[in-house]
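Observations on the model geometry
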Amino acid sequence: MTREQIRKTEGFIALSLSTLAALGGLFWLVFILGDVLVHGIKALHIDLFLNDPAPPGVDGGGLRNAFVGQLLITVCATLIGVPMGVLGGTFLAEYARGRKIARLISILADIMVSVPSIVIGTFIYAVLVKPIGHFNGWAGAVALAIIMIPVVLRTTEDMLSLVPWTLREAAFALGAPYYKVITQVVYRGAATGILTGVLLSIARVAGETAPLLFTSFNNSFYSLDMKQPVASLTVTIFQYAMGPYDNWHAQAWAAAFVITIFILILTITGRLIIKWRYK
Amino acid sequence: MARTAKKNPVDRFFSVMTAAAAFSVIVLIAGILYVLVSESSLAIGRFGVWRFLSSTDWDPVRQSFGALTNIYGTVLTTVLSLAIAIPLAVGIAIFVTEISPNFLKGPIGAAIELLAAIPSIIYGMWGLFTLSPIMSTYIEPFLKKIFSGVPLIGILFQGTPMGIDILTASVILSIMIIPFTASISRDSFNLTPAVVKESAYAIGATRWEVVKNVVIPYSKLGVFGGVVLSLGRALGETMAVAFVLGNNHRITTSLFDAAATITVTLANEFAEADSDVYLSSLFYLALVLFVLSFITLAVAKFFLLKAERKYSR
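To keep things clear, this report deals only with the structure shown in the data block. (Residues numbered from 1 in each chain as written. Chains lettered and ligands numbered in written order. Predicted model: local features only at pLDDT ≥ 70, side-chain atom pairs only at ≥ 80, totals over all residues. Heavy atoms only, no water.)

**Some remarks on the overall build of chain B**
To keep things clear, this is the line we draw: Working definition: helices are DSSP H or I runs of at least four residues, strands are E runs of at least two. Numbering for both runs from the N terminus. Relative accessibility decides the category of a residue: with a 1.4 Å probe and only protein chains considered, values under 20% of the type maximum give buried, values over 50% give exposed, and everything between is partly exposed. Here a residue-residue contact requires only that any non-hydrogen atoms of the pair lie within 4.5 Å. Computed by Shrake-Rupley with a 1.4 Å probe, the accessible areas treat only the displayed protein chains as cover when residues are assessed. His is not counted, nor are the chain ends, whereas Lys and Arg count as positive and Asp and Glu as negative. Working definition for charges: the position is that of NZ of Lys, CZ of Arg, CG of Asp or CD of Glu.
Secondary structure summary: chain B contains 12 helices and two strands in total. For chain B, the N- to C-terminal ordering of α and β elements is α-α-α-β-β-α-α-α-α-α-α-α-α-α. Relative to its full complement of 313 residues, chain B shows a buried share of 56%. The long-range fraction of contacts in chain B, counting pairs at least 24 apart against all pairs at least 6 apart in sequence, stands at 74%. When the accessible surface of chain B is summed, it comes to about 13,100 Å², and 68% of that surface belongs to carbon and sulfur atoms. Where the 22 positive side-chain charges of chain B centre and where its 18 negative ones centre are 13 Å apart.

Structure representation (structure tokens):
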């Protein structure tokens, strides 16, 4: 073989391997999603949303408690996490723009996005479960909120930084104080971006299981009381999938299907908005 | 920067609110560290630092605890999963940036990122119900047949393949971290200036030579940062491995054995710990994990920032 042929062959092999890797990645996506879809749809039934769980080993029943609980915890987490994140991001991008402290907090937030969520669960257990004496819904909501804060904070910071400085100057020139400039000019300019960050952060926490295991725990009864243990879809999936009954497994698949679809819709919507707004 | 505006009382209030929210990040990190240390003080007092980290004991009955089996499991699954994920992820990044026709770049990139959006519990459950049987009936017996006779490597493939083991957990973990590594690598590759690549093509380099000799050297900082970031993620991943690792507090040499990671131990035992020392030791484990992953993530961030500075020059 001539040198050219060797070089060409080497290139061909390497590029084929990369193509195979990409196909492999797609293969896993299709495999996992397909599997969740097939098993999930098979087990999907209107009773799943309307009934509470049957006693272990008895057929039938649903996961109404878990659907409602998940919604409750996620909404409360959003109500705590989003304002904190948006305000924090505002500080970094506006009042502390360019200062060292803004840079430090921004880096710490980036690190915190990836801190193991189960560690946050143990932290909340020590702070909000142990002193109270029992698992409760608020603990779960706060744990999820802590995961949301850095995500929302970083997106808000980035999105506010994209708003041109001249726009603020125009508002200052009209005599507006800084808070008015921020709330009425900057926020409006960055609204879509912030909303996207919020959507993606909800998608992120909606699938979290580890921080709920020993905060909101689980509850086999329908309950709206956040001071008591609250069921969540993810913890229920964990419990049911590890359990011995076939109908538990089926319901776990159905719950997995619902939660995956929910998260994928949020994620895709978020990405479409970014694509559409910030080309 | 609008200094005079700050005299407005509402503005002062608003700025203090935003500052408080921003500083909550620092407070939270310090708070987590403080609470974990104070909660594990009982275990720290009883087992010390070095003895806890180096002891293979995990015995709730005799109330003797050590972290080594958990750290071993964590490190082993993480290293294995990275070994599987890195080549695949870099391959995907090369495909998306250099090979694929333009109309495929968007969809494939989006698909890989969707893989990152799927919650870890779905991976875990899928691993338990779908991957684990496949591993135990096809892949693991196959690996065992090939490798168990080979000296040295052979010890990795001893025992009966059950599907609930280190290998299965590592494969699932690798599927989970491929998207992170791939998308950061892709972004880094994309930052290579077209002029540099074109110059290489102009002197007759093949496409692979451009990738190997121009793109990868140029973007290695970013790729390395992405790999370390994935490492940090893998260290703390709980649900994806909790289903398929078993919860076995022994140091084993075979990939077909069940094991325990720090996260799996926490997930399985935290709500059931029945004595103060037990609970305190679990907090101690959480502290070890927090410190370990925080340092890893900080290193990753350091390299990513360095890469960012380099590219923006």
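**Brief notes about the overall build of chain A**
Short version of the rule: Radius of gyration: over C-alpha atoms. The globule rule applied is 2.2 Å multiplied by the number of residues raised to the 0.38 power.
For chain A, the helix and strand inventory stands at 11 helices and zero strands. Starting at the N terminus, the α and β elements of chain A follow one another as α-α-α-α-α-α-α-α-α-α-α. Whereas a compact globule of 279 residues would reach a radius of gyration of roughly 19 Å, chain A reaches 23 Å, over 25% beyond that. Seen along its three principal axes, the alpha-carbon backbone of chain A occupies a region of about 75 × 70 × 35 Å. Restricting to contacts in chain A with at least 6 residues of sequence separation, those with at least 24 account for 74%. Of the roughly 12,100 Å² that chain A leaves accessible, carbon and sulfur atoms contribute 69%. The positive charge centre, built from 20 side chains, and the negative charge centre, built from 14, are 12 Å apart in chain A.

**Overview of helix α9 (residues 207–236) of chain B**
Where we set the bar: One fewer than the residue count of a helix, multiplied by 1.5 Å, yields its expected span. The term bend refers to the angle at a residue between two fitted axes, each drawn through seven residues, those ending there and those starting there.
Taking 1.5 Å of rise per residue, 30 residues should cover 44 Å, yet α9(B) covers just 38 Å from first to last C-alpha, more than 12% shy of that figure. K220(B) marks where α9(B) bends most, by close to 65°.

**Overview of the layout of surface pockets**
The method is simple in principle: a probe with the dimensions of a water molecule rolls over the atoms, and the space it marks as empty is what remains. The following threshold applies: Residues are said to line a cavity or pocket when one of their atoms sits within 4 Å of a point; the points come from a 1 Å grid over protein atoms alone, cavities being sets where a 1.4 Å probe fits but cannot get out and pockets being open sets with protein on both sides within 12 Å along at least five of seven lines. Grid points are joined across faces, edges and corners, and a volume is the space filled by probe spheres set on the points.
By volume, the second largest pocket is sized at about 430 Å³. Along the walls of the second largest pocket sit 15 residues, with R271(A), K275(A), G106(B), A110(B) and E113(B) positioned nearest its centre. For the lining of the second largest pocket, the secondary structure elements donating two or more residues are α11 (246–277) of chain A together with α5 (102–117) of chain B.

**Thoughts on the nonpolar core**
Heads up, the condition is: Joining through side-chain atoms within 4.5 Å is the link that ties buried Ala, Val, Leu, Ile, Met, Phe, Trp, Tyr and Cys residues into a set, and such a set is a nonpolar core.
Residues V25(B) and Y123(B) are the most contacted members of the largest nonpolar core, which totals 178 residues. Core analysis: the second largest hydrophobic core is formed by 14 residues, A14(A), W208(B), V223(B) and V227(B) among them.

**Quick word on the interface of chain B and chain A**
Heads up, the rule is: In short, buried area is how much 1.4 Å probe accessible area vanishes from two parts on joining, totalled over both. Salt bridge, as used here, is a side-chain nitrogen of Lys or Arg placed within 4 Å of a carboxyl oxygen of Asp or Glu.
Taken together, the 82 residues of chain B in the interface contact 85 residues of chain A. Note on chain B versus chain A: buried area summed over both sides is about 7,400 Å², and carbon and sulfur give 81% of it. Connecting chain B to chain A are five salt bridges. One salt bridge in this structure joins R7(A) and E209(B), with 2.7 Å as the shortest N-O distance.

**Focus on the side chain of T265(B)**
Residue and element names in this part refer to chain B. Heads up, the rule is: Nitrogen and oxygen atoms within 3.5 Å of one another constitute a polar contact, given that in protein one can donate a hydrogen and the other can accept it, and given that sequence-neighbouring residues count only through two side-chain atoms.
Examined against the element boundaries, T265 turns out to sit in helix α11 (residues 262–269). Within polar-contact distance, the side chain of T265 engages the side chain of N70 at 2.5 Å. Those residues in contact with T265, other than ones at most four positions away along the chain, are W58, N70, N247, H249, A260, F270, L282 and L285.

**Let's talk about a nonpolar patch on the surface**
Selection rule: Note that patches include only residues with greater than 30% relative accessible area and no salt bridge, and the join distances are 9 Å for like charges and 5 Å for nonpolar side chains (Val, Leu, Ile, Met, Phe, Trp, Tyr).
A cluster of nonpolar residues, F12(A), I13(A), L17(A), L20(A) and L23(A), forms a patch on the protein surface that exposes about 550 Å² of accessible area. Residue position: L23(A) is located in helix α1 (residues 3–43).

**Here we look at helix α10 (residues 233–242) of chain A**
Most of α10(A) sits inside the fold, with eight of its 10 residues counted as buried. Listed in full, the buried residues belonging to α10(A) are L233(A), T234(A), V235(A), T236(A), I237(A), F238(A), Y240(A) and A241(A).

**Here we look at empty space enclosed by the protein**
Residue and element names in this part refer to chain B. Short version of the rule: Amino acids outside the nonpolar list (Ala, Val, Leu, Ile, Met, Phe, Trp, Tyr, Cys, Pro) and the charged list (Asp, Glu, Lys, Arg) are all regarded as polar, and Gly is one of them.
A complete count under the given rule lists two cavities of 30 Å³ or more for this structure. In this model, the largest cavity occupies a volume close to 60 Å³. Lining of the largest cavity is provided by I92, A93, V96, G109, I112, E113, P179, A182, S183 and R186. Listed by contribution, the elements that provide at least two residues to the lining of the largest cavity are α4 (68–99), α5 and α7 (166–190). A total of four residues in the lining of the largest cavity trace back to one element, the largest contributor, which is α7. Residue composition of the lining of the largest cavity, grouped by class: six nonpolar, two polar and two charged. Considering only enclosed or pocket space, the second largest cavity measures out at about 40 Å³ in volume. Secondary structure elements with two or more residues in the lining of the second largest cavity: α4 and α9. Grouping the constituent residues of the lining of the second largest cavity by class yields four nonpolar, five polar and one charged.

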